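Listed here are the chains, written in short residue letters.
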Amino acid sequence: MTATAAWGATAPESGLAPLTIDRRNLRDEDVAIDIAFCGVCHSDLHAARNDWGRTTYPLVPGHEIVGTVSAVGSGVTRFKAGDRVAIGTIVDSCRHCDACVDDEEQYCREGMTGTYNARDRVDGTTTYGGYSKSIVVAEPYVLRIPDGLDLARAAPLLCAGITTYSPLRNWGVGPGSRVGVIGLGGLGHMGVKFAKALGAEVTMITTSPEKGADAQRLGADKVLVSSDKAAMKAATRSFDFLLDTIPVAHEMTPYLQLLDRKGTLCIVGAIDMLPSFHTGVLLMKQGSVAGSGVGGIAQTQEMLDLCAQKGILAECEVIPMDGINAAFERMEKADVKYRFVIDMSTL
Ligand code: NAP
Ligand code: ZN
Ligand code: ZN
């Protein structure tokens, strides 16, 4: 075991503070990584505050991890010391169920092992995330950062990136698709970039009119302010695909009214009970409400390679480790432009 510096929460209201965790000794298939940067996902905030009621403390969040390999186990074949690598939200799964065989480890029938707040499948210890100096992960769950990708700006690709790329790809978004991305935060800003890169006509749907100019700079063709009733009415039945990144429970009807015939609203944000809505809003146009969770390891690598090829990166505000509590407060107020990334050299 290696004692490792980290930051974590010890109770729902504790905020985050320094603590020491143990990283395991290398198993044959393990890769040890020195963490350079870690993105700050809204899920980290939900988990630290126990919003979903299943946090075990202490909790060390962080699942947008980039860094360099420091050592490898005897069975590792694809990585060596010095390689630039990344870890996302998944550090293990059963590896044999239909979902795992289909490269959709996030939907593993035995439950994927999360990067934090999960139980290691071998020894039952708690997994701790990337708000720390180093991490040890089995080779099949380690991603390669292609040459040329800026490390800090690549970090958010590991969750915000794949969580938006995956549904856009899986629902066949491409040229001719009319896509609306709801919520311009970490996920939303990557959603706009990917939808644009895939050739869609993209509308940013936001509660923050002041983010409109940024949305267009990020690639949005149009901006729709959700509090503007006249503009929302004018946009009725004008979208094929809506990507809903809102982090809290919210009314569905105003957004479902925007779907055109055979359109889909895909929820990637709130894990919560949502208010009811009248089914007519779906029945009368063959509409769908769907959900999507992150993305599998193979698709994450595909996305990283595409980002390197097309120069797609997150817009980041790099912060020191001790800036995390202030960053959480700003994130809660939707004051994020557009992803906080922790510089781990400050820990
Ligand atoms: P974020 O950076 O905080 O962005 C969320 C954005 O949603 C805000 O910037 C804001 O954009 C909008 N918003 C916030 N409160 C709202 C409200 N009450 N009504 C309408 N819009 C609101 O969060 P994030 O990191 O992108 O994460 C978003 C959600 O996705 C979180 O709940 C997170 O847990 C979840 N998540 C899910 C997965 C998955 O696998 N499905 C993966 C990662 C994260 P505007 O100012 O533009 O309105
Ligand atoms: Zn996340
Ligand atoms: Zn499985």
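Refer to the structure above for everything that follows.
Cut-off values and rules
- Residues numbered from 1 in each chain as written.
- Chains lettered and ligands numbered in written order.
- Predicted model: local features only at pLDDT ≥ 70, side-chain atom pairs only at ≥ 80, totals over all residues.
- Heavy atoms only, no water.
- Pairing = 2+ DSSP bridges.
- Helix = DSSP H or I, 4+ residues; strand = E, 2+ residues; numbered from the N terminus.
- Axes fitted to C-alpha atoms, helices over the stretch in contact; angles between N-to-C directions.
- Contact = heavy atoms within 4.5 Å.
- Donors = N, O, S within 2.8 Å, 3.2 Å for Na, K, Ca; no water.
- Tetrahedral: all angles 85-135°; square planar, octahedral: opposite > 155°, others 65-115°.
- Near = heavy atom within 4 Å.
- Polar contact = N/O pair within 3.5 Å; in protein donor to acceptor, adjacent residues only side chain to side chain.
- Areas by Shrake-Rupley, 256 points an atom, 1.4 Å probe, with all protein chains shown as cover.
- Nonpolar A, V, L, I, M, F, W, Y, C, P; charged D, E, K, R; others polar.
- Parallel < 35°, antiparallel > 145°, perpendicular 65-115°, else oblique.
- Left-handed = near helix turned anticlockwise from the far one by under 90°.
- 1 Å grid on protein atoms, 1.4 Å probe; cavity = no way out; pocket = protein on both sides within 12 Å on 5 of 7 lines; lining within 4 Å.
- Points joined across faces, edges and corners; volume = space filled by probe spheres on them.
- Buried < 20%, exposed > 50% of the residue type's maximum accessible area, 1.4 Å probe, protein only.
- Expected span 1.5 Å × (residues − 1).
- Phe/Tyr/Trp six-rings, centres within 6.5 Å; stacked < 30°, edge-to-face > 60°.

### A few points about the pairing of strand E5 (residues 84-87)
The two faces of the sheet receive side chains in turn, since in a regular strand these alternate between them.
Here comes step 1: By the bridge criterion, four bridges tie strand E4 (residues 65-72) to E5 in an arrangement that is antiparallel. Bridge assignment links Thr68 to a residue of E5, and that residue is Arg84.
Here comes step 2: Judged from the two bridges that link them, E5 and strand E9 (residues 143-144) form a sheet pairing that is antiparallel. Considered in E9, the bridge of Val85 is made with Arg144.

### Side note on the sheet that holds strand E13 (residues 239-244)
Here comes step 1: One open sheet accounts for six strands, arranged E12-E11-E10-E13-E14-E15; its pairing is parallel. Two strands close off the open sheet at either side, each with one partner strand: strand E12 (222-225) and strand E15 (288-291). Neighbour-to-neighbour, the strand axes of the sheet open up by a mean angle of 20°, direction not taken into account.
Here comes step 2: Two strands pair when backbone bridges link them, and E13 and strand E14 (residues 259-267) are joined in this way by five bridges, in the parallel orientation. The residue of E14 that forms the bridge with Phe239 is Leu259.
Here comes step 3: Against the sheet, helix H4 (residues 160-170) engages strand E10 (178-182), E13 and E14, with an angle of about 155° to E13.

### Details of the coordination of the zinc ion (ligand 3)
Six octahedral donors around a metal ideally subtend angles of 90 or 180 degrees, whereas four tetrahedral donors ideally subtend 109.5 degrees.
Here comes step 1: Protein coordination of the zinc ion (ligand 3) is provided by Cys94 (SG), Cys97 (SG), Cys100 (SG) and Cys108 (SG), with donor distances spanning 2.3 to 2.4 Å.
Here comes step 2: Between the four donor atoms coordinating the zinc ion (ligand 3), the angles at the centre fall across 103 to 120°, so the site counts as tetrahedral.

### Notes on the site of ligand 1
Here comes step 1: Near ligand 1 there are 28 residues, and of these His42, Thr206, Thr207, Ser208 and Arg339 occur at the shortest range.
Here comes step 2: Between ligand 1 and His42, the relevant distance is 2.6 Å, taken from an oxygen atom to a side-chain nitrogen or oxygen of the residue.
Here comes step 3: Interatomic distance of 2.8 Å between a backbone N/O atom of Val294 and an oxygen atom of ligand 1.
Here comes step 4: In isolation ligand 1 has 930 Å² of accessible area, and contact with the protein removes 88% of it.
Here comes step 5: Listing elements by their share of the shell around ligand 1, those giving two or more residues are helix H1 (42-48) and helix H5 (186-197).
Here comes step 6: The dominant element in the shell around ligand 1, judged by the number of residues it contributes, is H1, at three residues.
Here comes step 7: Tallied by class, residues from the shell around ligand 1 come to twelve nonpolar, 14 polar and two charged.

### Concerning the packing of H4 against H5
Here comes step 1: At their nearest, the axes of H4 and H5 sit 8 Å apart, and the two run at 45° to each other. Of the possible angle classes, the one that applies to H4 and H5 is oblique. Our pair here, H4 against H5, has a crossing hand that is right-handed. From H4, Ala160, Gly161, Thr163, Thr164, Tyr165 and Leu168 reach across to H5, where they touch Gly186, Leu187, Met190, Gly191, Phe194 and Ala195.
Here comes step 2: The class makeup of the residues in the contact of H4 with H5 is seven nonpolar, five polar and no charged.

### Structural notes on empty space enclosed by the protein
Here comes step 1: Per the stated rule, a full pass over the model turns up one cavity of 30 Å³ or more.
Here comes step 2: As for the largest cavity, its lining consists of Gly88, Thr89, Ile90, Leu143, Leu158, Ile162, Val294, Gly295, Gly296, Ile297 and Thr300.
Here comes step 3: Across the lining of the largest cavity, the residue classes break down as six nonpolar, five polar and no charged.

### Description of unusual backbone geometry
Here comes step 1: The amide bond that connects Tyr57 to the next residue, Pro58, takes the cis arrangement and shows omega of 0°.
Here comes step 2: A cis amide bond links Lys337 to the next residue, Tyr338, at an omega of -20°.
Here comes step 3: Its place among the elements puts Tyr338 in the loop between helix H11 (324-332) and strand E17 (339-343).
Here comes step 4: Positive phi is not limited to glycine here, since Lys262 has a value of about 65°.
Here comes step 5: Position of Lys262 among the secondary structure elements: in strand E14.
Here comes step 6: A relative accessible area of 48% means that Lys262 is categorised as partly exposed.
Here comes step 7: With a phi close to 25°, Val294 is a non-glycine residue in the positive phi region.

### Some points on helix H10 (residues 297-310)
Here comes step 1: Spanning 14 residues, H10 covers 20 Å between terminal C-alpha atoms, matching the ideal 20 Å at 1.5 Å per step.
Here comes step 2: The set of residues buried in H10 consists of Ile297, Gln299, Thr300, Gln301, Met303, Leu304, Leu306 and Cys307.
Here comes step 3: Of the surrounding elements, those touching the buried residues of H10 are strand E6 (90-92), E9, H4 and H5.
Here comes step 4: Backbone geometry just downstream of H10 places Gly311 in the positive-phi region, at approximately 65°.

### Describing the coordination of the zinc ion (ligand 2)
Here comes step 1: Those protein atoms acting as donors to the zinc ion (ligand 2) are Cys41 (SG), His63 (NE2) and Cys159 (SG), and they sit at 2.0 to 2.3 Å.
Here comes step 2: Given the relative accessible area of 3%, Cys41 is considered buried.

### Points about the packing of aromatic side chains
Here comes step 1: Summed over all chains, the structure comprises two aromatic pairs.
Here comes step 2: With a centroid separation of 5.7 Å and an interplanar angle of 35°, the aromatic rings of Trp171 and Phe241 are classed as tilted. Here the residue Trp171 occupies a position in the loop between H4 and E10, and Phe241 occupies one in strand E13, the gap between them amounting to 70 residues.

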